[in-house]
Amino acid sequence: WTKDRLMLCLLSLTKPIYMQFLRKILVTTVIGALLVSATSSNCMAGNKEPHNWKGTHETSISVGLPRTNLFMNIASPLNFSPMNGFSRDRNNRANLPVFGIDYGYNVLSWLNVGLGFNYTYYETPIIDDRSDAVSFNERINSMQLMVRLRFYWLNREKVRLYSTVGAGILIQHGNMLDMDRLPDNPVRTEVVPWFDLCAIGVTVGRRLYGNFQLGAMSAGLISAGIGYRF
């Protein structure tokens, strides 16, 4: 099997699964948020002093909802190049979930410094406006490598709430549309500076914990995972 056929197979297999995954993760996130809210209140009532995680390590893996079309359009600088008779069929864009791995060190009880890596893959049909037919499929592997700062603004033994900022690089590898390279449009790699934001995240558990994030750029709008502190 070629790499492209493998990706097509993965996309066809994951499309129905992804819709179920979308519904499940939304329900799980809502339930998780409610449980976290209740647990946080109990923890705050039962233990007024924050738990000090200074000097410990954290590592986690996650799966997130794919980035929005707006994110993917901005992510590639080639999206700003003139199309000259071609257009992207974003309504039929197919993509894998965002897979992530993260490591961090708790420098202070409220500050964690770490690295994050995220990967996803997506395909976009390129339409020839003259014939209104698909000219080719734009296939892109998208990776992000980030140095990030995580600010824990609620610290309890089993519940921590945080926000994150980060900076690093975005790597796009594939046959990205470029009018100067048509019709061959060879595979190439683009590397651009990038940044990351997470509006709110929560970890539930002591050493082994569940992790939920809302509003993250690198991991998707909603992500869920599992992690371990040591």
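Residues numbered from 1 in each chain as written. Predicted model: local features only at pLDDT ≥ 70, side-chain atom pairs only at ≥ 80, totals over all residues. Heavy atoms only, no water.

Next up on the list: the environment of I226. Checked against the element boundaries, I226 lands in strand β10 (residues 222-229). Between the C-alpha atom of I226 and that of I61, which follows or precedes it by 165 residues, the distance is 5.8 Å. (Helix = DSSP H or I, 4+ residues; strand = E, 2+ residues; numbered from the N terminus.)

This next bit is on the packing of aromatic side chains. The tally for this structure, following the rule as stated, stands at four aromatic pairs. Ring geometry for W110 and F151: centres 6.4 Å apart, planes at 15 degrees, overall stacked. Placement of the pair is W110 in the loop between β4 (98-106) and β5 (111-128) and F151 in strand β6 (residues 133-155), with a sequence separation of 41 residues. Judged by its relative accessible area of 41%, W110 is partly exposed. Look at F151 and you get partly exposed, because its relative accessible area is 31%. The residue whose ring lies beneath R229 is W53, and the NZ or CZ to ring-centre distance is 4.9 Å. The ring of Y209 carries R229 above its face, with NZ or CZ at 4.3 Å from the centroid. (Phe/Tyr/Trp six-rings, centres within 6.5 Å; stacked < 30°, edge-to-face > 60°. Buried < 20%, exposed > 50% of the residue type's maximum accessible area, 1.4 Å probe, protein only. Lys NZ or Arg CZ within 6 Å of the ring centre and 35° of its normal.)

Moving on to the side chain of E123. Here E123 lies in strand β5. A distance of 2.8 Å separates a polar atom in the side chain of E123 from a polar atom in the side chain of Y121. A polar atom in the side chain of E123 sits 3.2 Å from the side chain of R139. (Polar contact = N/O pair within 3.5 Å; in protein donor to acceptor, adjacent residues only side chain to side chain.)

Another aspect to go through is the pairing of strand β9 (residues 208-214). In this sheet, β9 lies alongside strand β8 (residues 188-204) in antiparallel orientation, the contact comprising five bridges. Bridge pairing links V202 to F212 in β9. Here β8 folds back onto β9 in antiparallel fashion, the turn holding three residues, of which G205 has a positive phi close to 130 degrees. Relative to β10, β9 is paired through seven bridges, and the arrangement is antiparallel. Looking at the pairing, L208 lines up with Y228 of β10. (Pairing = 2+ DSSP bridges.)

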